[in-house]
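Residue-level structural notes
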Amino acid sequence: MQCSYFDAERCRSCTWMGQPYAAQVAGKEEHCRHLLGERPDLVWSSAVTSAEQGFRNKAKMVVTGSVEDPALGIVDADGVGVDLRDCGLYPEGLRSTFPVLAEFVTAAAIQPYDIVRRAGELKYLLVTQSPDGELMVRFVLRSQEAVARIRKHLPVLLGALPLLRVVSVNLQPEHKAVLEGEREIVLTAQDTLRMRLNGIDMHLRPQSFFQTNTEVAAALYRQARDWVDELAPSSVWDLYCGVGGFALHCADGSRDVTGIETSAEAVTSAETSRREADLTRLDFRVGDATAFAVGAGREPDLVIVNPPRRGIGPELSRWLEGSSVDRVIYSSCNATSLARDLAAMPSLRPRRARLLDMFPQTTHYEVVTLLERAA
Ligand SMILES: C[S@@+](CC[C@H](N)C(=O)[O-])C[C@H]1O[C@@H](n2cnc3c(N)ncnc32)[C@H](O)[C@@H]1O
């Protein structure tokens, strides 16, 4: 893939831009196998590849510039805003929203936030596209100063983007590099974006994580479901469940499935999907994955973990190692923390693994592995 922003050195986020795609995937496989070490009884499936462009379902655009001429993109190393609205990682349906949103910023007179002067209102525009092409737009603002104007002009935005379903404001009053704040104000009647994957309707509310690459996420959930169906456990925990992707794929009514997640909005999203699918042997709870496991007083047949980049950490690894859980599906976006966690669970051995290229043009990837307790 070729990128004019990369060539002009305006954006270097895609560090592998220009490398042939097959070489990228081979490089990631080598990296991952090296980290997981020599394991004669580990069987690798062929990697799940991605479209090379247009694969990101979410845009996190820093807004800089002026009300009259806002820039949507990133801030470079010198603190200068760079407009990236033609970034090839976004599908056409997402990209086509950027000029409309820029016009909206002007019409509603929302002053872009100036990081150096600590002045202005609009920090980010977060835009998500569902597999059906529907959209969620979130305005990350410093204060409520612009909220009434956003409300007033909202009908124009909804008219210009007919697939726009959810619009919200997130308040991030602090001057720090955190993307979003705790308070969310939903401005539309609909507060959830429907994400249909593998024929399963999932709900995504603002402030909830969703895997970046919809096609590859669908393959990841299919892989986990295939392993679970083959092993037929009667009880499953989905730790770090987010909006419930793994749990919803594994809950077929024949087993008890519990999802645990710290984000209350994600759990509400997951619960909506559960209710709609009428799955009675599935439940989602807000909580810390480790605290839940340690305090549950019972153990399931199989545990799925899909933690953030830091991994599951020593305490949960120790608990899994000492438990009677025989099978763990560990899906990781950071093979370095995965390797460290595996080293802390020597009795749970990786038997199958698969790399999923969730993030083409970068060094990042997802890897899912099935661990089985050594006899
Ligand atoms: C990589 S995401 C995976 C989400 C989900 N499994 C999916 O497929 O979309 C990690 C999730 O872990 C949640 N999380 C972070 N720390 C946690 C913790 N200590 N306990 C439970 N969940 C946590 C995050 O909010 C996020 O939703």
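Only a predicted model underlies this, so the values are computations on that prediction, with no experimental measurement involved.

Things to note about the overall build of the chain
Each helix and strand counted, the chain has 11 helices and 17 strands in total. The C-alpha radius of gyration computed for the chain amounts to 21 Å, which stays within 12% of the reference 21 Å derived for 375 residues, consistent with globular compactness. When its C-alpha atoms are laid out on the principal axes, the chain stretches across 65 × 45 × 35 Å. With 375 residues in all, the chain has 45% of them scored as buried. For the chain, the proportion of contacts with a sequence separation of at least 24, taken over those separated by at least 6, is 67%.

Considerations on the UniProt feature "binding site: S-adenosyl-L-methionine" (unreviewed entry) in the chain
Listed under "binding site: S-adenosyl-L-methionine" (unreviewed entry) in the UniProt record, and renumbered for this structure, are Gln 211, Tyr 240, Glu 261 and Asn 306. Those residues in contact with Tyr 240 that lie beyond four places of it in its chain are Glu 261, Ala 289, Val 305, Asn 306 and Pro 307. Looking at where Asn 306 falls in the secondary structure, it is placed in the loop between β14 (302–305) and α10 (313–322). We classify Asn 306 as buried; it has 24 C-beta atoms within 10 Å. In this view, Asn 306 contacts Tyr 240, Phe 246 and Ser 331; residues no more than four positions away in its chain are not counted.

Some remarks on the UniProt feature "active site" (unreviewed entry) in the chain
Here the UniProt-annotated "active site" (unreviewed entry) positions come out as Cys 333. Within the secondary structure layout, Cys 333 lies in the loop between β15 (327–332) and α11 (335–343). With sequence-adjacent residues up to four places away left out, Cys 333 is seen in contact with Arg 309, His 364 and Glu 366.

What to know about the sheet that holds strand β4 (residues 81–83)
To summarise the sheet geometry, strands pair through backbone hydrogen bonds and adopt either a parallel or an antiparallel arrangement. Taken in spatial order, the seven strands of this open sheet run β4-β3-β2-β5-β6-β7-β8, and their pairing is mixed. Only two strands of the sheet have a single neighbouring strand rather than two, namely β4 and β8 (183–186). Taken over all neighbouring pairs, the strand axes of this sheet differ in orientation by 35° on average, direction set aside. With three bridges joining them, strand β3 (residues 70–75) and β4 adopt antiparallel strand pairing. The residue bridging Gly 73 from the neighbouring strand is Asp 83, located in β4. Contacting β6 (135–141), β7 (164–171) and β8, helix α5 (residues 147–160) crosses the sheet at an angle of about 165° to β7.

Some remarks on the site of the ligand
Looking at the ligand, there are 19 residues lining it, with Phe 209, Tyr 240, Gly 242, Ala 289 and Asn 306 nearest. Elements that contribute at least two residues to the shell around the ligand include exactly α7 (245–250) and β12 (256–261). For the shell around the ligand, the per-class residue count stands at 11 nonpolar, six polar and two charged.

Brief notes about α5
Here α5 spans 19 Å end to end across 14 residues, near enough to the 20 Å set by a 1.5 Å rise per residue. Along its length, α5 shows its largest kink, about 50°, at His 153, and proline Pro 155 lies within four residues downstream of that point.

Observations regarding the sheet that holds strand β13 (residues 282–286)
Taken in spatial order, the eight strands of this open sheet run β1-β16-β17-β15-β14-β11-β12-β13, and their pairing is mixed. Two strands bound the open sheet, and with one partner strand each, they are β1 (43–44) and β13. Relative to strand β17 (residues 366–373), strand β16 (residues 348–356) runs antiparallel, the two sharing eight bridges. Bridging from a neighbouring strand, Ala 353 pairs with Thr 369 of β17. Its contacts with the sheet place α11 against β15, β16 and β17, and it is angled at close to 155° to β15.

A closer look at the packing of helix α4 (residues 97–107) against α5
Relative orientation of the contacting elements α4 and α5 amounts to 165°, with a least axis distance of 11 Å. As the angle between them shows, α4 and α5 are arranged roughly antiparallel. When the axes of α4 and α5 are compared, the crossing they make is right-handed. Residues Val 100, Phe 104 and Ala 107 of α4 pack against His 153, Val 156, Leu 157 and Ala 160 of α5. A per-class count over the contact of α4 with α5 returns six nonpolar, one polar and no charged.

A closer look at the environment of Arg 12
Position of Arg 12 among the secondary structure elements: in the loop between α1 (4–7) and α2 (21–36). Exposure remark for Arg 12: the 13 C-beta atoms within 10 Å place this residue in the partly exposed category. Taking the C-alpha atoms as reference points, Arg 12 and Asp 76, separated by 64 residues in sequence, lie 9.3 Å from one another.

Considering the domain arrangement of the chain
One widely used convention gives an interface's size as the accessible area the parts lose upon coming together. Its domain assignment divides the chain into domain 1 (4–52 + 210–373) and domain 2 (58–191). Counting from both sides, the interface comprises six residues of domain 1 and, opposite them, six residues of domain 2.

What to know about the nonpolar core
By size, the foremost hydrophobic cluster in this structure holds 105 residues, and its most contacted members are Ala 224 and Leu 239. In terms of residue count, the dominant contributor to this core is helix α6 (residues 214–231) (nine residues). Counting only domains with at least three residues in this core, you end up with domain 1 (4–52 + 210–373) and domain 2 (58–191).

A closer look at the pairing of strand β5 (residues 122–129)
Counting buried positions along β5 gives seven out of eight residues, so the element sits mostly inside the fold. Across five bridges, strand β2 (residues 58–65) lies against β5 in antiparallel orientation. By the bridge assignment, Val 62 is partnered in β5 with Tyr 124. As judged from the seven bridges shared by β5 and β6, these two strands associate in the antiparallel manner. In the sheet register, Leu 126 faces β6, and the bridge partner there is Arg 138. Connecting β5 to the next strand, β6, in antiparallel fashion are five residues, including Gly 133 with a positive phi near 90°.

Cut-offs and rules
Residues numbered from 1 in each chain as written. Predicted model: local features only at pLDDT ≥ 70, side-chain atom pairs only at ≥ 80, totals over all residues. Helix = DSSP H or I, 4+ residues; strand = E, 2+ residues; numbered from the N terminus. Rg over C-alpha atoms; globule rule 2.2 N^0.38 Å. Buried ≥ 20, exposed ≤ 12 C-beta atoms within 10 Å, placed from the backbone. Contact = placed C-beta atoms within 7 Å. UniProt positions renumbered as here; feature names shortened; annotations may be inferred. Pairing = 2+ DSSP bridges. Axes fitted to C-alpha atoms, helices over the stretch in contact; angles between N-to-C directions. Near = placed C-beta within 6 Å. Nonpolar A, V, L, I, M, F, W, Y, C, P; charged D, E, K, R; others polar. Expected span 1.5 Å × (residues − 1). Bend = angle between axes of the 7 residues up to and from the residue. Parallel < 35°, antiparallel > 145°, perpendicular 65-115°, else oblique. Left-handed = near helix turned anticlockwise from the far one by under 90°. Domains from an automatic or database assignment. Core = buried A, V, L, I, M, F, W, Y, C linked by C-beta atoms within 7 Å.

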